[in-house]
Amino acid sequence: MSFLESMQWRYSTKRYNPSKKVAIDKMEELKEILRLSPSSINSQPWNFTFVNDADLKDKLAAASYFNEHKIKDCDTLVIFNRVDNLELFEEQIENSLPDGSVEYYKDVLKPLSKKDITTWFDKQVYLSIGVLLSACAQMKIDATPMEGIDGVKYNEILGHKGYHSIVAVAVGYRDEDDSNQIDRSPKSRLPMEKVVTSI
Ligand SMILES: Cc1cc2nc3c(=O)[nH]c(=O)nc-3n(C[C@H](O)[C@H](O)[C@H](O)COP(=O)(O)O)c2cc1C
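Thresholds applied
Residues numbered from 1 in each chain as written. Predicted model: local features only at pLDDT ≥ 70, side-chain atom pairs only at ≥ 80, totals over all residues. Heavy atoms only, no water. UniProt positions renumbered as here; feature names shortened; annotations may be inferred. Near = heavy atom within 4 Å. Polar contact = N/O pair within 3.5 Å; in protein donor to acceptor, adjacent residues only side chain to side chain. Nonpolar A, V, L, I, M, F, W, Y, C, P; charged D, E, K, R; others polar. Helix = DSSP H or I, 4+ residues; strand = E, 2+ residues; numbered from the N terminus. Expected span 1.5 Å × (residues − 1). Contact = heavy atoms within 4.5 Å.

- In the annotation of an unreviewed UniProt entry, the entry for the protein chain reads Nitroreductase/dihydropteridine reductase, and the organism field reads Nonlabens xylanidelens.
- Turning to the protein chain, the UniProt annotation filed under Sequence similarities (unreviewed entry) states: "Belongs to the nitroreductase family."

Here you go:
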């Protein structure tokens, strides 16, 4: 399948088959792909939690509004956590990035408000969601991006220190009756001329 065909194939799965599991080696590959996600100045203001344990998945499902059943039935819930402690982040980049990148952070980002720095972190995290969704599509694994989660409850359940859960992706295989499949619910996008300008 070409990459274009993968993107035409993928869709936000609304019902998962709870008895169809993702092979361990494929899940390990997804973890490595996610780790390789790019970010501005290679800042990596994130960590990712892969939850396969049924009891923990159920607890998180109960804190996920209308997404409850997707989370209960999918194979693994991937949670995207943004760093929420500036000292922790600054220590991380001091230890892992070249001086020039640290200087860039100090000169351009650090003077901003906490809210604006957080927005910049969030942008990096959201890019990594795109990487995971694209990888799942290429590997013919179904996925659902979900903002409909209660991040504060997730933090409590997962015992986060210095990180805040902002978004999650359910990963698994579709239920054959899922009404959101492409043949029943064709892709809907704005026309090319509206979204792309070629000069
Ligand atoms: C950041 C983000 C958050 C989303 N949150 C949810 C969600 O909480 N629950 C859900 O069922 N779908 C969610 N979606 C799925 C979108 O509705 C879906 O991507 C969009 O309608 C396009 O459809 P497609 O993914 O099937 O091509 C989300 C998508 C994105 C990118």
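Right, picking up where we left off after that structure.
### A look at the site of the ligand
Moving on, step 1. The ligand sits among 14 residues. The nearest are Arg10, Ser12, Lys14, Lys187 and Arg189.
Moving on, step 2. Within the side chain of Lys70, one N or O atom sits 2.8 Å away from an oxygen atom of the ligand.
Moving on, step 3. Residue Glu147 places a main-chain N or O atom 3.0 Å away from a nitrogen atom belonging to the ligand.
Moving on, step 4. When the residues that make up the shell around the ligand are grouped by side-chain class, the tally is 5 nonpolar, 3 polar and 6 charged.

### Section: helix H7 (residues 114-138)
One turn of the α-helix equals 3.6 residues, which is why residues spaced by three or four share an orientation.
Moving on, step 1. Its 25 residues give H7 an end-to-end C-alpha distance of 37 Å, which sits within 8% of 36 Å, the value for a rise of 1.5 Å per residue.
Moving on, step 2. Positive backbone phi, approximately 55 degrees, marks Lys140, located one or two places after H7.

### Let's talk about the side chain of Asn81
Moving on, step 1. Note on placement: Asn81 falls in strand S2 (residues 76-83).
Moving on, step 2. At 2.8 Å, the side chain of Asn81 and the side chain of Thr49 are in polar contact.
Moving on, step 3. Side-chain polar atoms of Asn81 contact the side chain of His160, separated by 3.0 Å.
Moving on, step 4. Residue contacts for Asn81: discarding those within four places in its chain leaves Pro45, Trp46, Asn47, Phe48, Thr49, His160, Tyr163, His164 and Ser165.

### Looking at the UniProt feature "domain: Nitroreductase" (unreviewed entry) in the protein chain
Moving on, step 1. Following the UniProt record, one finds the feature "domain: Nitroreductase" (unreviewed entry) at residues 8-173.
Moving on, step 2. Helix makes up 50% of residues 8-173 and strand 17%. Its end C-alpha atoms lie 17 Å apart.

### What about unusual backbone geometry?
Moving on, step 1. Look at Asn42: it is not a glycine, yet its phi comes out positive at around 60 degrees.
Moving on, step 2. Among the secondary structure elements, Asn42 is positioned in the loop between helix H2 (24-35) and strand S1 (46-51).
Moving on, step 3. Positioned with a positive phi, Gln44 is a non-glycine residue whose angle comes to about 45 degrees.
Moving on, step 4. Locating Gln44 in the fold gives a position in the loop between H2 and S1.

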